[in-house]
Amino acid sequence: MKKEIPIYEISIDLLDEETTVSFNSLVSMPAHEKNFMTFSKQKAFEFNDEEQVITGLAISADTPIYRFDQETGEEYYVVFTKQAIKDIIFDYARKDNFNNVNLEHNPNRIVKSIFMIHSYQIDEAKGFTAPERFKDANDGSWIVSYKVTDKELFDKAKNGEFNGFSIEGVFNLIDTKEEQEMALIFTELLKLKLQING
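Because the structure is a prediction, the values reported are computed rather than measured.

1. What to know about the overall build of the protein chain
Part 1: The helix and strand inventory of the protein chain stands at three helices and 12 strands.
Part 2: Within the protein chain, buried positions represent 38% of all 198 residues.
Part 3: In the protein chain, the proportion of contacts linking residues at least 24 apart, taken out of those at least 6 apart, comes to 74%.
Part 4: When the accessible surface of the protein chain is split by element, carbon and sulfur atoms take 52% of a total near 12,000 Å².

Below, the structure is given as structure tokens:
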């Protein structure tokens, strides 16, 4: 059961250069708790070990991710909405960040031997359904595939040293409770105005 702590929607502002997703990181503990898949001949896809392709969720939509601020001691959850993920994918593309990958969010461990070959957002309304391997992923989630030319790195991922992807960047946090309260106040004011104007 989740704790009763604030939930913030996390997003970027496409008109604000400071908010962006700059890197995707191979990590041992992905925040969304969805491990990536490595594909071999035994899997449903037609990839094999020689191709050295890693596929996984970059962002899981509408999945609360626990956060703890060491400085303030605040606990909270963040959630990426479908629209926020769409904006992030667009921003990532327009800034040509596709091959920006590091290990464990360490800026000194940038990987030069990994290349994005697929980028796919699940969008049920448009017919972009989840691939069979990710059929449980939420609508709006972002799935990516990378070709890894460094066999040692690929083997580390395959053997479980890295278990998923984790994006990094500068984001806006929107207090969903506060936003809902403001919407309620606005609705009540609108009703009052209609009653007065009769």
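2. Comments concerning the side chain of S113
Part 1: Positionally, S113 belongs in the loop between β8 (106–111) and β9 (114–121).
Part 2: Owing to a relative accessible area of 15%, S113 belongs among the buried residues under this scheme.
Part 3: Beyond its immediate stretch of four places on either side in the chain, S113 contacts K147, V148, T149, D150 and L153.

3. Points about the packing of aromatic side chains
Part 1: Tallying each qualifying case throughout the model produces seven aromatic pairs.
Part 2: Ring geometry for F80 and F171: centres 5.9 Å apart, planes at 80°, overall edge-to-face. Of this pair, F80 sits in strand β6 (residues 75–80) while F171 sits in the loop between β11 (164–170) and β12 (172–175), placing them 91 residues apart in sequence.

4. Some points on the sheet that holds β11
Part 1: Read across the open sheet, the four strands follow the order β8-β7-β2-β11; overall the sheet is mixed. Both outer strands of the open sheet, β8 and β11, are each paired with one neighbouring strand and no more. If you compare each strand with its neighbour and ignore which way they point, the axes differ by 45° on average.

5. Structural notes on the layout of surface pockets
Part 1: If you add up the space inside the largest pocket, you get close to 360 Å³.
Part 2: If you trace the largest pocket, you find 20 residues lining it, with I10, R67, F80, I167 and F171 closest to the centre.
Part 3: Only β4 (53–59), β5 (65–68), β6 and β11 provide two or more residues apiece to the lining of the largest pocket.
Part 4: Looking at the lining of the largest pocket, its residues break down into 13 nonpolar, five polar and two charged.

About the thresholds
Residues numbered from 1 in each chain as written. Predicted model: local features only at pLDDT ≥ 70, side-chain atom pairs only at ≥ 80, totals over all residues. Heavy atoms only, no water. Helix = DSSP H or I, 4+ residues; strand = E, 2+ residues; numbered from the N terminus. Buried < 20%, exposed > 50% of the residue type's maximum accessible area, 1.4 Å probe, protein only. Contact = heavy atoms within 4.5 Å. Areas by Shrake-Rupley, 256 points an atom, 1.4 Å probe, with all protein chains shown as cover. Phe/Tyr/Trp six-rings, centres within 6.5 Å; stacked < 30°, edge-to-face > 60°. Pairing = 2+ DSSP bridges. Axes fitted to C-alpha atoms, helices over the stretch in contact; angles between N-to-C directions. 1 Å grid on protein atoms, 1.4 Å probe; cavity = no way out; pocket = protein on both sides within 12 Å on 5 of 7 lines; lining within 4 Å. Points joined across faces, edges and corners; volume = space filled by probe spheres on them. Nonpolar A, V, L, I, M, F, W, Y, C, P; charged D, E, K, R; others polar.

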